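# Structure assessment
Here is how the chains run, residue by residue.
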Amino acid sequence: MEAKEFYNLAVKLMEDMKTKEPQLVSGSDSELCVLVTAEKQAVYAGVTSVKVSAGQIMRSCPEYNAIMAMIPDGETLVEKLVTVSFSSLEVSQPCAECLKLLYRVSPDNKDTEVFVAPDKTTKVSELLAPDTVENTAPVTLGAESPAPEQPSAEASGFAADAPASAPPPPSMNKAPK
């Protein structure tokens, strides 16, 4: 699938969501992340989500939600990823924490094409600081997974929706465009 065609797929999915499931758009900064896996060419999506835990309002990135949607299906290798704003249809770059999570799911995701414009991509490895790939340990997925680390107080409440072996989602906002 060509870059522009994949971006258009994300926009079509977004328009369908706005019409059929408007409650999924939680605010003017809501975004949709669409990714396609390398092996099965399966398409997964995640939407910006907001949760309240211990009196704190936390935002979960759409990339985190899309990545966590593919894992139960045994998918770990991502070919392409695009994040689009519901309000402006602009492409936004994933935060460093989501890029690290993608790498942790499979080190081969360093070659995932990430959209930086509707018709332009770059690789995860080019978006992360050079030492990040070297210093980021992969996540162990599956039945043999060790018990997860306890999430920080800032991230409490998120782990309930994620598989037990998954790291808590980033609780930071996107970097400015």
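### Structural notes on a nonpolar patch on the surface
Taken together, the side chains of Met1, Leu9 and Val43 present a nonpolar region at the surface, about 240 Å² in accessible area. Mapped onto the elements of the fold, methionine 1 is located in the segment before α1 (3–20). For methionine 1, a relative accessible area of 46% gives the class partly exposed.

### Topic: the sheet that holds strand β1 (residues 31–37)
If you trace the five strands from one edge of the open sheet to the other, you get β2-β1-β5-β6-β7, paired in mixed fashion. Strands at the two margins of the open sheet, each flanked by one partner only, are β2 (43–47) and β7 (120–123). Averaged over neighbouring strand pairs, the angle between their axes works out to 25° when direction is ignored. By the bridge criterion, two bridges tie strand β5 (residues 78–85) to strand β6 (residues 113–117) in an arrangement that is parallel. When the sheet's bridge partners are listed, leucine 81 is paired in β6 with valine 114. Taken strand by strand, helix α2 (residues 62–70) contacts β1, β2 and β5, and its axis lies near 140° from that of β2.

### What to know about the nonpolar core
In this structure, Leu35, Ile67, Met70 and Leu81 are the most contacted members of the largest nonpolar core, which totals 22 residues. Broken down by secondary-structure element, the contributors of at least two residues to this core are β1, α2, β5 and α3 (96–105). The contact partners of isoleucine 67, leaving out residues within four places of it in the chain, are Leu35, Cys98, Leu101, Leu102 and Val105. Within the second largest apolar cluster, 16 residues are counted, among which are Ala3, Phe6, Met17 and Val82.

Reading guide: rules and limits
Residues numbered from 1 in each chain as written. Predicted model: local features only at pLDDT ≥ 70, side-chain atom pairs only at ≥ 80, totals over all residues. Heavy atoms only, no water. Patch = residues over 30% accessible without salt bridge, like charges linked within 9 Å, V, L, I, M, F, W, Y side chains within 5 Å. Areas by Shrake-Rupley, 256 points an atom, 1.4 Å probe, with all protein chains shown as cover. Salt bridge = Lys/Arg side-chain N within 4 Å of Asp/Glu carboxyl O. Helix = DSSP H or I, 4+ residues; strand = E, 2+ residues; numbered from the N terminus. Buried < 20%, exposed > 50% of the residue type's maximum accessible area, 1.4 Å probe, protein only. Pairing = 2+ DSSP bridges. Axes fitted to C-alpha atoms, helices over the stretch in contact; angles between N-to-C directions. Contact = heavy atoms within 4.5 Å. Core = buried A, V, L, I, M, F, W, Y, C linked by side-chain atoms within 4.5 Å.

Interpretation note: all reported values are geometric properties and have no functional meaning in isolation.
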